[in-house]
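Structural overview
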Amino acid sequence: MSKPAPTVSQNTWEFLRDAMITPTGFREYDARWKYPDDINLPGITALGLGLGTQMHRRGIEPVIAVGNDYRDYSLSIKNALMLGLMQAGIHVKDIGPAVSPMAYFAQFHLNAPAVAMVTASHNPNGWTGVKMGFERPLTHGPDEMAELRDIVLNGEGMPRDGGKYEFVDGVREAYLDDLVGDFKMTRKLKVVCATGNGTASAFGPELFKRIGVEVVDSHNTLDYTFPHYNPNPEAMEMLHDMSASVKASGADLALGFDGDGDRCGVVDDEGEEIFADKVGVIMARDLAKIYPNATFVADVKSTGLFASDPELIKHGVTADYWKTGHSHMKRRVKEIGALAGFEKSGHYFLAEPIGRGYDCGMRVAVEICKLMDRNPDMSMSDLRKALPQTWATPTMSPYASDEDKYDILDRIVAKLVAKHEAGEQIAGRAIKEVVTVNGARVILENGAWGLVRASSNTPNLVVVCESPDSDAEMRAIFKDVDAVIRTEEGVGDYDQTI
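Residues numbered from 1 in each chain as written. Predicted model: local features only at pLDDT ≥ 70, side-chain atom pairs only at ≥ 80, totals over all residues. Heavy atoms only, no water.

In the nomenclature of an unreviewed UniProt entry, the protein chain corresponds to Phosphomannomutase/phosphoglucomutase from the organism Sulfitobacter geojensis. In UniProt, the protein chain has this text filed under Sequence similarities (unreviewed entry): "Belongs to the phosphohexose mutase family." Per its UniProt entry, the protein chain bears the Cofactor (unreviewed entry) comment "Mg(2+)". (UniProt positions renumbered as here; feature names shortened; annotations may be inferred.)

Right, here's the structure in full:
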């Protein structure tokens, strides 16, 4: 097979014939491109051929479950991907439209050794991509992605006989059955189900009704134009809309899902948006009573409370801070036998006996309803207020090109480490340590911190700050960290800021 062209030339004879792939679309733990600006359909087919070749090289049984999210072009992308997989001699089991966790579930349900989910996740329309994995419940990490990238871009995809297509019906129903189990609410609970007209619209309302929750609909009609906002429960636009729905309806809480349903966002009964890492602490507190001495993994963007909360310490919890990213987190949870992993972006990884270890916004929603059921005298705002107070920024992303962001980050990390070594201060406080497992998390003497890392799936850096003392200190940390970031000319404007 010939090598794909590294640039895309639309409206040409070659565009309809030859593979064209922008190399930067191969990310740390999945593949994402703007379509058709950065990849064409023959390029997607080359990706499928490469993925099938990678399966053969690794000695994996040539069977794969494949799904797609609800975007108007996702079916075309999936068909092109499946064509490449079949060309590589793979038996494709097409599960139809799905949320990403339904595809991960299908690996178990159909006993398929591999999965490929066509989705742009929470990225806006115009983006597409593939989340893939071989060793359930894991998805490709940097090593697997680098191998796949080399196979595809070097034209090493090997056509073979034996490819087969099969449409498998009923996976959605089996997935919902698995989520519900035998659970039924014993307290009355009214929940705003916010799906932003994305794929989760086909799952959320039905799931809640089946467990005995009263549903307040919020943009639950499937509409791939996303007429209200892009479904992303980390974006303030969606969270504010969820908050307004709670206040208007008198609901007990709102649960919101991103475009491919693997993340969950929470707004409490007072309309307060609870960032996902704080929801993680609320869940960890509840689970620690049932499973004492549990280990919980938190990503480096998350609150320091996993390590410092007296309630978690009392139940013998071990906190493990790890690299941001669904593949990194899933792998870490499995490797160290953690009960759960929590990521500030709203990915939660609930392992046995709660879940199967993959990130599933629907599973989280059910578990939050169970938590509310176990605490019948508490509202979600009571549970929030019971946490030690901290002041945290939302996740803020200044622009940095995919080509330059890692080099820029390396220089910023070096500058922050040098500040620590020189005994300089941030926000008027001494720097206790700089954790560099994923970018730089600068931890101050009082447990406050500021983080800079590179986004794995968009052309951005990522910045988060938190103070256990005050809003003013949190803002001062951001000001000082941003001053270091601004020494780099290649860094542009923030998507949102405080």
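Next comes the rest of the write-up.
What follows covers empty space enclosed by the protein. In the structure shown here, the tally under the stated rule is two cavities of 30 Å³ or more. Here the largest cavity is characterised by a volume of approximately 110 Å³. Lining the largest cavity are 14 residues, and of these P233, E234, F275, A276 and K344 sit closest to its centre. For the lining of the largest cavity, the residue count by class is eight nonpolar, four polar and two charged. Reported here for the second largest cavity is a volume of approximately 40 Å³. Forming the boundary of the second largest cavity are M283, D286, L287, L350, I354, E367, L371 and R374. Partitioning the lining of the second largest cavity into residue classes produces five nonpolar, no polar and three charged. (1 Å grid on protein atoms, 1.4 Å probe; cavity = no way out; pocket = protein on both sides within 12 Å on 5 of 7 lines; lining within 4 Å. Points joined across faces, edges and corners; volume = space filled by probe spheres on them. Nonpolar A, V, L, I, M, F, W, Y, C, P; charged D, E, K, R; others polar.)

Moving on, we get to the nonpolar core. Counting residues in each nonpolar core, the largest one holds 73 residues, and the members touching the most others are F208 and L255. Leave out the neighbours within four places in its chain, and L255 touches V191, V192, C193, A194, F208, M242, C264, G265, V266, A365 and I368. The next biggest cluster of nonpolar side chains, apart from the first, holds 34 residues, and it includes I21, W33, I90 and A114. (Core = buried A, V, L, I, M, F, W, Y, C linked by side-chain atoms within 4.5 Å. Buried < 20%, exposed > 50% of the residue type's maximum accessible area, 1.4 Å probe, protein only. Contact = heavy atoms within 4.5 Å.)

Turning next to the packing of helix α1 (residues 41–57) against helix α2 (residues 74–87). Across the interface, α1 lies against α2 with an axial gap of 6 Å and an inter-helix angle of 40°. Classified by the angle their axes make, α1 and α2 are oblique. Crossing hand, α1 versus α2: right-handed. Contacts between α1 and α2 involve L41, I44, T45, L47, G48, L49, L51 and G52 from the former and S76, I77, A80, L81, L83, G84, L85 and Q87 from the latter. Grouping the constituent residues of the contact of α1 with α2 by class yields ten nonpolar, six polar and no charged. (Axes fitted to C-alpha atoms, helices over the stretch in contact; angles between N-to-C directions. Helix = DSSP H or I, 4+ residues; strand = E, 2+ residues; numbered from the N terminus. Parallel < 35°, antiparallel > 145°, perpendicular 65-115°, else oblique. Left-handed = near helix turned anticlockwise from the far one by under 90°.)

In this section: the UniProt feature "domain: Alpha-D-phosphohexomutase alpha/beta/alpha" (unreviewed entry) in the protein chain. The UniProt entry lists residues 25–154, 174–271 and 277–389 under the feature "domain: Alpha-D-phosphohexomutase alpha/beta/alpha" (unreviewed entry), expressed in the numbering used here. Taken end to end, residues 174–271 comprises 29% helix and 20% strand; its first and last C-alpha atoms sit 34 Å apart. Here residues 277–389 is 48% helix and 14% strand, with 13 Å between the C-alpha atoms at its ends.

What follows is about the pairing of strand β4 (residues 114–118). Side-chain direction in a regular strand flips from residue to residue, so the side chains alternate between the two faces of the sheet. Judged by how many residues are buried, β4 sits mostly within the fold: five of five residues are covered. Covered by surrounding structure in β4 are A114, A116 and V118 together with V115 and M117, the residues of both alternating faces. Summarising the sheet, β4 and strand β5 (residues 127–133) pair through four bridges and their orientation is antiparallel. Counted as the bridge partner of A116 is M132 from β5. (Pairing = 2+ DSSP bridges.)

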